[in-house]
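Understanding the architecture of this molecule
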Amino acid sequence: MQRFEECLLSTRPVLVEYYATWSESCKLMDEELQQVKNWAGERVMVMKKDIEEYSELIERYAIHSIPTLLLFKEGKIIWRKNGFAPARDILEQLTATLV
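The structure reproduced in this document is the subject of the present report. In this text, all values refer to a predicted model and were calculated from it rather than measured experimentally.

Structural notes on unusual backbone geometry
In the segment running from I66 into P67, the intervening peptide bond is cis, with an omega of -10 degrees. By the secondary structure assignment, P67 is in the loop between helix 3 (55-60) and strand 3 (68-73). Unusually for a residue other than glycine, A62 sits at a positive phi of about 50 degrees. Overall, the relative accessible area of 35% leaves A62 in the partly exposed class. A positive phi is found at E74, a non-glycine position, where the angle reads about 55 degrees. Positionally, E74 belongs in the loop between strand 3 and strand 4 (76-82). For E74, a relative accessible area of 61% corresponds to the exposed category.

Some words on the environment of R80
For R80, the position within the fold is in strand 4. Overall, the relative accessible area of 34% leaves R80 in the partly exposed class. Apart from the residues lying within four places of it in its own chain, the contact partners of R80 are Y61, A62, I63, T68, L69 and L70. One polar contact links the side chain of R80 to the main-chain carbonyl oxygen of Y61, over a distance of 3.0 Å.

Points about the environment of D50
Structurally, D50 is set in strand 2 (residues 45-50). The class of D50 is buried, set by a relative accessible area of 6%. Leave out the neighbours within four places in its chain, and D50 touches Y19, A20 and T21.

Some remarks on the pairing of strand 4
As paired strands, strand 3 and strand 4 are joined by six bridges and run antiparallel to one another. In the sheet register, L69 faces strand 4, and the bridge partner there is K81.

What to know about the pairing of strand 3
Within a regular beta strand, the side chains point alternately toward one face of the sheet and then the other, so they alternate between its two faces. Counted residue by residue, strand 3 has five buried out of six residues, so it is predominantly covered. Of the pairings in the sheet, the one linking strand 1 (residues 14-19) to strand 3 comprises five bridges and is antiparallel in character. In the sheet register, V16 faces strand 3, and the bridge partner there is L70. Hairpin connection between strand 3 and strand 4: a loop of two residues separates the two successive antiparallel strands, and E74 in this loop has a positive phi of roughly 55 degrees.

About the cut-offs
Residues numbered from 1 in each chain as written. Predicted model: local features only at pLDDT ≥ 70, side-chain atom pairs only at ≥ 80, totals over all residues. Heavy atoms only, no water. Helix = DSSP H or I, 4+ residues; strand = E, 2+ residues; numbered from the N terminus. Buried < 20%, exposed > 50% of the residue type's maximum accessible area, 1.4 Å probe, protein only. Contact = heavy atoms within 4.5 Å. Polar contact = N/O pair within 3.5 Å; in protein donor to acceptor, adjacent residues only side chain to side chain. Pairing = 2+ DSSP bridges.

Below is the structure:
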């Protein structure tokens, strides 16, 4: 949990995927997030949180479907996407955030 709390204090944007190991949509997101990581490098922190292990975060951020992506900047949610998102859509949002 500490790492997540640290991400809220991060000066760089933080992309968090809320997922479940049994979800096919979440498995499809793995490749998309790898593309995002490859593009972003150290400019963006990318994290994954299993909904079955982090129920307090699920409640705090009202996660009702998976996958759900939340983009934090300076501890605040600036973008949210419920469901599968292709890497190009995520990268478009990240590009706007990094400007």
